[in-house]
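Spelled out from the first residue to the last, the chains are:
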Amino acid sequence: MKQTGRRFDAAAFYGGTNSEAYRYLGAHRTRRAGKDGYVFRVWAPNAAYVSVVGDFCAWNGYDHPMTRNADGFWECFVAGLKRYDTYKFAVTSQRGDTVLKTDPYAFHAETRPGTAGKLYDLGGYRWGDDEWCRNRAKAPVDRSPLNIYEVHLGSWRRRENGDFYDYRTLAHELADYVLDLGYNCVELMPVTEYPLDDSWGYQCTGYFAATSRYGTPKDFMYFVDHLHRKGISVLLDWVPAHFCKDEHGLIDFDGTSCYEYADPNKREHEGWGTRVFDYGRGEVRSFLLSSAAFWLREFHLDGLRVDAVASMLYLDYGRENGRWTPNKDGGHENLEAIDFLRALNETAFSVDPNVLMVAEESTAWPLVTRPAKDGGLGFNLKWNMGWMNDMCHYLKLDPWFRQFHHKDITFSLMYAFSENFVLPISHDEVVHMKGSLRGKMPGDDWQQLAGVRAFTAYLLAHPGKKLTFMGAELGQWHEWDFASQLDWYLLENQENQQTQQFFKDINRFYLSQSPLWSIDFSWEGFEWLVADDNCNNVVVFVRRDREGRELIAAGVATQADLDAMTKEIKDIMFETFKLAIDDELSPRMDLHKEPELLGTMMFSNQSIDSLSDAKPDVNHPMSENPRVQQIAKKERFAFDKDGKPFSKMKQFQLRDGIFEAIIDRFYKDASLIAYGEENRDWGGAFAVYRGLTEALPYHRLFNSPISESAIVGSAVGYAMAGGRALVELMYCDFLACAGDEVFNQMSKWQAMS
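Residues numbered from 1 in each chain as written. Predicted model: local features only at pLDDT ≥ 70, side-chain atom pairs only at ≥ 80, totals over all residues. Heavy atoms only, no water.

Student: Tell me about the nonpolar core, and name the residues and values.
Tutor: Judged by nonpolar contacts, the single largest core of 158 residues is most densely connected at Phe40, Tyr149, Phe220, Phe223 and Tyr259. The next biggest cluster of nonpolar side chains, apart from the first, holds 14 residues, and it includes Leu672, Ala674, Leu692 and Tyr698. (Core = buried A, V, L, I, M, F, W, Y, C linked by side-chain atoms within 4.5 Å. Buried < 20%, exposed > 50% of the residue type's maximum accessible area, 1.4 Å probe, protein only.)

Student: Which residues make up the pattern of salt bridges, and what values do they have?
Tutor: A side chain with one charge can pair with a side chain of the opposite charge if their charged atoms come near. Tallied over the entire structure, the rule returns 54 salt bridges. A salt bridge links Asp97 to Arg95, with the nearest nitrogen and oxygen atoms 3.2 Å apart. Under the relative-accessibility criterion, Asp97 is labelled partly exposed at 37%. Overall, the relative accessible area of 59% leaves Arg95 in the exposed class. Here Lys373 ties to Asp374 by a salt bridge, and the two come within 3.5 Å at their closest N and O atoms. (Salt bridge = Lys/Arg side-chain N within 4 Å of Asp/Glu carboxyl O.)

Student: Can you explain helix 9 (residues 335-351)? Please cite residues and give values.
Tutor: End to end, helix 9 covers 25 Å across 17 residues, agreeing with the expected 24 Å (1.5 Å per residue, within 8%). Among all positions of helix 9, only Ala337, Ile338, Phe340, Leu341, Ala343, Leu344, Asn345, Thr347 and Ala348 are buried. Buried-residue contacts for helix 9 involve strand 13 (233-238), helix 7 (282-298), strand 16 (303-306), helix 8 (309-313) and strand 17 (356-359). Of the residues flanking the start of helix 9, the one acting as N-cap is Asn334, its side-chain oxygen 3.2 Å from the backbone nitrogen of Glu336. (Helix = DSSP H or I, 4+ residues; strand = E, 2+ residues; numbered from the N terminus. Expected span 1.5 Å × (residues − 1). Contact = heavy atoms within 4.5 Å. Polar contact = N/O pair within 3.5 Å; in protein donor to acceptor, adjacent residues only side chain to side chain.)

Student: Give a description of the packing of helix 4 (residues 167-181) against helix 5 (residues 217-229) that names residues and reports values.
Tutor: Closest axis-to-axis distance for the helix 4/helix 5 pair is 8 Å, and the angle between their directions is 15 degrees. When the interaxial angle is binned, helix 4 and helix 5 end up roughly parallel. With respect to the hand of their crossing, helix 4 and helix 5 are arranged in right-handed fashion. Here Tyr167, Arg168, Leu170, Ala171, His172, Leu174 and Ala175 of helix 4 lie close against helix 5, whose contacting residues are Lys218, Asp219, Phe220, Tyr222, Phe223, His226 and Leu227. Class assignment of the residues belonging to the contact of helix 4 with helix 5 gives a composition of nine nonpolar, two polar and three charged. (Axes fitted to C-alpha atoms, helices over the stretch in contact; angles between N-to-C directions. Parallel < 35°, antiparallel > 145°, perpendicular 65-115°, else oblique. Left-handed = near helix turned anticlockwise from the far one by under 90°. Nonpolar A, V, L, I, M, F, W, Y, C, P; charged D, E, K, R; others polar.)

Student: An account of the packing of helix 7 against helix 9 is needed here, citing residue identities and associated values.
Tutor: Orientation of helix 7 relative to helix 9, taken along the N-to-C sense of each, is 30 degrees, at an axis distance of 10 Å. Taken together, the axes of helix 7 and helix 9 lie roughly parallel to each other. For the crossing formed where helix 7 meets helix 9, the hand is right-handed. Contacts between helix 7 and helix 9 involve Arg285, Leu288, Leu289, Ala292, Ala293, Leu296 and Arg297 from the first element and Glu336, Asp339, Phe340, Ala343, Leu344, Thr347, Ala348 and Val351 from the second. Along the lines of polarity and charge, the residues of the contact of helix 7 with helix 9 split into ten nonpolar, one polar and four charged.

Student: Residues and numbers for the packing of aromatic side chains, please.
Tutor: The relation between two aromatic rings is expressed through the spacing of the ring centres and the mutual angle of the planes. The final tally for this structure, using the stated rule, is 58 aromatic pairs. Here the aromatic rings of Tyr105 and Phe208 are separated by 4.9 Å at their centres, their planes lie at 25 degrees, and the arrangement is stacked. Of this pair, Tyr105 sits in the loop between strand 7 (98-101) and strand 8 (117-118) while Phe208 sits in strand 12 (residues 206-210), placing them 103 residues apart in sequence. Geometrically, the ring pair formed by Phe164 and Tyr214 is edge-to-face, given 5.2 Å between the ring centres and 75 degrees between the ring planes. You can see Phe164 sitting in the loop between helix 3 (153-156) and helix 4 and its partner Tyr214 sitting in the loop between strand 12 and helix 5, a full 50 residues away along the chain. Take Tyr214: its relative accessible area is 4%, and that puts it in the buried class. One Lys or Arg, Arg213, reaches over the ring of Tyr194 and ends 3.7 Å from the middle of that ring. (Phe/Tyr/Trp six-rings, centres within 6.5 Å; stacked < 30°, edge-to-face > 60°. Lys NZ or Arg CZ within 6 Å of the ring centre and 35° of its normal.)

Student: Residue-level account of the sheet that holds strand 10 (residues 185-188), with values.
Tutor: As summarised here, the arrangement of the eight strands in space is 9-10-13-16-17-18-19-20, forming a closed barrel in which the pairing is parallel. Averaged over all pairs of adjacent strands, the angle between strand axes in this sheet comes to 25 degrees, irrespective of strand direction. Bridge count for strand 16 against strand 17 is four bridges, and the pairing is parallel. Within the sheet, the bridge partner assigned to Gly303 lies in strand 17 and is Leu356. Here helix 5 sits on the sheet in contact with strand 10 and strand 13, set at roughly 140 degrees to strand 13. (Pairing = 2+ DSSP bridges.)

Student: Would you mind going over the layout of surface pockets in detail, with residue names and values included?
Tutor: If you add up the space inside the second largest pocket, you get close to 2000 Å³. Along its surface, the second largest pocket is lined by 50 residues, and Trp200, Val431, His432, Met433 and Phe482 are the ones closest to its centre. Elements with a contribution of two residues or more to the lining of the second largest pocket: helix 8, helix 16 (626-632) and helix 17 (654-666). The residue makeup of the lining of the second largest pocket, split by class, is 17 nonpolar, 14 polar and 19 charged. (1 Å grid on protein atoms, 1.4 Å probe; cavity = no way out; pocket = protein on both sides within 12 Å on 5 of 7 lines; lining within 4 Å. Points joined across faces, edges and corners; volume = space filled by probe spheres on them.)

Student: Pulling in residues and values, what's your account of empty space enclosed by the protein?
Tutor: Rolled over the atoms, a probe with the dimensions of a water molecule shows which regions are left empty. Overall, the coordinates contain six cavities of 30 Å³ or more when judged by the stated rule. Approximately 110 Å³ is the volume attributed to the largest cavity. In terms of residue class, the lining of the largest cavity is built from eight nonpolar, four polar and two charged. The calculated volume of the second largest cavity comes to roughly 70 Å³. Residues belonging to the lining of the second largest cavity are distributed by class as follows: five nonpolar, three polar and two charged.

Student: Could you give me a rundown of the environment of Phe574, with the residues and numbers involved?
Tutor: On the secondary structure map, Phe574 appears in helix 14 (residues 559-580). Exposure remark for Phe574: the relative accessible area of 52% places this residue in the exposed category. On a C-alpha basis, the gap between Phe574 and Ile631 in space is 45 Å, while along the polypeptide they are 57 residues apart.

Student: Now, about the pairing of strand 5 (residues 74-79): what can you tell me, with residues and values included?
Tutor: Where strand 2 (residues 35-42) lies against strand 5, six bridges are found, and the strand directions are antiparallel. Counted as the bridge partner of Phe40 is Cys76 from strand 5. In terms of strand pairing, strand 4 (residues 67-68) meets strand 5 through two bridges, oriented antiparallel. Bridging from a neighbouring strand, Arg68 pairs with Trp74 of strand 5. Hairpin connection between strand 4 and strand 5: a loop of five residues separates the two successive antiparallel strands, and Gly72 in this loop has a positive phi of roughly 90 degrees.

In C-alpha cells, the structure reads:
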C-alpha cells in the first residue's frame, strides 16, 4: 500500500473529513528500535484498558497492553510478527467486561467461522490496468453504454465438491463469460468481510477486508485488474447503512455506543436486526469515508453501489409511530445522513472524478443524482425501484389481464428523466418466493422463455442504464440460492441454450446501437409513438442518439420488416381467438339437460381425489419444491426433548399444514387450479400459497383482476366446466353490487367451512 509520508491528520479524523484513516489505524508493518514488527492502533475512546492478543501470545491479554498516544488512540508495537498471524483487540469497558474485538481497520481476516483479523501488507501488487484507468475518463456514463451483470461470487459457479472458486479463478472464468454474454460491467454483491453467509454480505464486520472466502486481498486485486484488462468495469455493493450485531464486530466497541447512535430511537433497524451508524459523529464519518476511498483507491474499483440509502435518509424508516426521534427542525429527515452522503460522493470523486456512485434509494427523495451544490445528494446514478416493482407486477399477470395494468409499462416515463436511473432486475427480485425472472412469466415453457426475451428487449430499449442479476440468461426455473450455484445443467436443453444465445446477441446489439444509450437521461433520446394500446399489450416508441439517428435509420429494421412482424402478431392473436370459441376445445355445460349438475358438483358432500384422469402438469417433483424442503426441516411438536419450546420460526405452523394439503392435491388432480388476488406476488393470504409459484405452471396458478366478482365468477365457471378451483378471497370490493356480495359471502363461508 502506498504510504503518503504525511503525519496522520487526527483533527480531520475527529472532525469527520479524513478519508485515509486506514493508513494509520489498524495494524501496519514497521521497524522500531532495530526490530521488525507491527504497530497496532485502535479508536476506543471510552475503554478502560486495551491490549493486542493473538496466537503469538496464546491470547493472553496482559502480554501486549496498549497505551493512549498523543492523538487519543490506543497504540502498541509488537516485534517478531509475520504476515497471516491472527489477532484481536481485547477491549475492557469502564464496567470491567472484556470483549475480544476484530480490528475495524483490518486488511485481512480469518475465514468464517473464525473472526480474528490477520496481519497483511497491501503493498507490492503490480497493477496492469493503467490503460483502462486512463480510458475511463473518455467514456462518461451519460453518453456511454452501461449494461451490468450483477454477481454473487459464492454462488455464480462452484467446484464439483461444492467449494468456492477463488478470486483468481473467478477472474478468468467470469471475465470470459461476461464478455461472451455481451455485458460491459460487473457489479459484485458485498465482498467486505462478513460472518454469516445468509446475509449475502450485507451485514459485514470488515469494512477494509476483502472476504477471505475466496482468497487474499491481493487475489482480489488480481480479480479487478484482470477484468479491467478485459475491458470490464467492476462495481462493488457497499453498506454504510447499518452493521451486524455480532459481538466481535463494531457493536458497543468500547462498551458504549461507539460506531452506532446512542439514542435508542435511532440506534437499531429492528427489521434487519442491525445497528445504525452514527452519521453525526466525526470519527464514524471518517471511518466510512476512509472505507469508501479505500476500495476505490487501493483496489481500483470503478464505483460503489450504496445499499439501503432510503433507510439512511429517514429517521422513521422501518420504525413505528413514536419510536423515532425527529431532527432539530421536527422533521423525519436524517440531516446527519444527508450531509454524510454528500461528503461520501465528494470524497469518491476526489479519489477519482470518473468513478460511479450509485444509490439504491427506493423512495421519491428528490435530486439524488444532482450535485450537492444544487441541493442534491451527489450520486451519478440511482436504481429505479418504481420501474422494477411495476415491471415485476406486470410480468406475473396473465396476458389477458395485462390490459388492465397497462400503466405498469408506461408510468415510468412520467419520471424517467427526473434522475439518472439504472433499471435493475437484481438479486432481490429472484429470492424469497418471488420466483426467477422466467418463473414470473405465465404460460408454458415456450411462452415463459419468450416472455424473458420480450422483457429483456424492452429493458434494453427503455431509457436508463441496465442491470440484470446472474442466471436470467440461463432461463432458470429456480430462485437464486446463495448456498449453491446457478443451474448450469439447464444448458443441456436446447431451449435454454437458445435463451443464452439470445442474451449474447441482444446485449451486443445494445452495445453497438448508440440510440439505445447515447441519451438515457433526457427526452431528446425518447419519443412515444403508441403509449395506449392496452388491448394488445403493446407500446411503441423511438430512441435517438445525440446526432438524431434512430434504429430504423441505422439499418436495424426496415418498414417492411415491421409490417411483417405486425401481421405475424395479428395472425397469432386471430388463431388464439378461434381456439377460445371452439366448442370442442371449450365445451359448455348444458343445464337444460342436467339442471342439478351445478349443485351436485358444488355441494355433493363427496370426497373425490381427482376430477381428471390426466397426469398433473407440474414443474418439478414435489420433493424438489423449496417450500416443501423448508417445511420438512420444521419441528411438528411445540417442545424439544428437554421440554423447552421451539422458536416460532422452527415450529410447523397452521399455514404450513394448509400448504401441504394444497400442494398434495395439485400433484394428484390435474384439473385443480388456484385463483387469487395476489397469490403470485407475495404468496397469497397468510403465505399459504407461497411455494406454489415454483411448483406449478401459470395455467394452474394465476391472478384475476382485483374484483371478487371476477374471481368467483371465473372460478365457478371453471368448476361448472368440470374442473376444481381453489379460490382466495381477501376483500369485499364492490359492496354496492348485490350480486357480487352474494357471490362473495357464499364463497367465503364455503371456503372457511
